[in-house]
Amino acid sequence: MTDAAKQTVLQHFPYGLYALTIAHGGDEHAMTASWVTQASFEPPMVVVAVENTSRTIGLMRDARHFVVNVLRDGQRDLAGKLGRPSANAPQKSKGIKTKPAPTWGGPILADALGWLECRLVATLPAGDHTVVLGEIVEGGVEHADALPLTLRQAGLTYPG
C-alpha cells in the first residue's frame with residue numbers, strides 16, 4: 001500500500017473529538033483525543049490512544065483513573081486549546097469549568113455533551129502511542145440534545 005492510499009483511507013474514518021481529563025497529586029490535566037472507541041459491553045470498557053511523549057500517559061498510569069468527555073458541536077476552540085502540547089501550554093485546563101467525578105473526584109468538563117469515568121485496566125505499547133483500556137465505572141449526560149463534535153465538523157483533517 002502506498003502512503004497516499006493509507007492516508008486517504010484513514011482520513012475517511014469518522015473521528016470524534018474528546019477531552020481526556022485526569023487528576024493526580026493535586027495536579028489536574030486535560031488533553032484532546034480523537035482515537036477513542038468502545039471495547040466491551042460487559043464489563044463496559046473504552047480504549048483510548050495517547051501519545052507516548054505526552055504528559056497525559058504518565059498521569060493516567062499514576063492516577064489509575066481518567067474521564068473521557070465527549071465534546072459537543074460548538075466546542076472547536078476548547079478542542080484546540082486542549083490539543084496544544086503541555087510544554088507550550090502548561091496551564092491549558094485553567095479556566096475551564098469542571099466538577100468532580102463521583103467515584104474518584106477527578107475533573108469532568110461541565111459543558112461537555114457527556115462523560116465516562118474510567119478505571120485504568122491495562123496499557124499496551126502501540127508504536128508512537130500507548131493504548132489505554134479503561135473500565136467505565138460511572139457516566140453522565142450534561143447536554144442531551146447536543147451533537148458530538150467530530151474532526152470534520154471542527155474543520156480538522158487527519159494527518160495519517
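Above this text is the structure in question.
This one's a predicted model, so the numbers in the text were calculated from it and none came from an experiment.

About the thresholds
- Residues numbered from 1 in each chain as written.
- Predicted model: local features only at pLDDT ≥ 70, side-chain atom pairs only at ≥ 80, totals over all residues.
- Heavy atoms only, no water.
- Pairing = 2+ DSSP bridges.
- Helix = DSSP H or I, 4+ residues; strand = E, 2+ residues; numbered from the N terminus.
- Axes fitted to C-alpha atoms, helices over the stretch in contact; angles between N-to-C directions.

### Side note on the pairing of strand β8 (residues 114-126)
Pairing geometry for strand β5 (residues 65-70) and β8, over six bridges, is antiparallel. Directly across from Val68, in β8, lies its bridge partner Leu116. Of the strand pairs in this sheet, β8 and strand β9 (residues 129-141) are connected by 12 bridges, and their pairing is antiparallel. Paired with Pro125 across the two strands is Thr130, which belongs to β9.

### Describing the sheet that holds strand β4 (residues 45-51)
Pairing within the open sheet is antiparallel, and its seven strands lie in the order β2-β1-β5-β8-β9-β4-β3. The open sheet has two edge strands, β2 (27-33) and β3 (36-40), and neither has a second partner. Adjacent strand axes in the sheet meet at a mean angle of 35°, parallel and antiparallel pairs treated alike. Inspection of the sheet shows β3 paired to β4 by four bridges, in the antiparallel sense. Each bridged residue has a counterpart across the sheet, and for Gln38 the counterpart in β4 is Val46.

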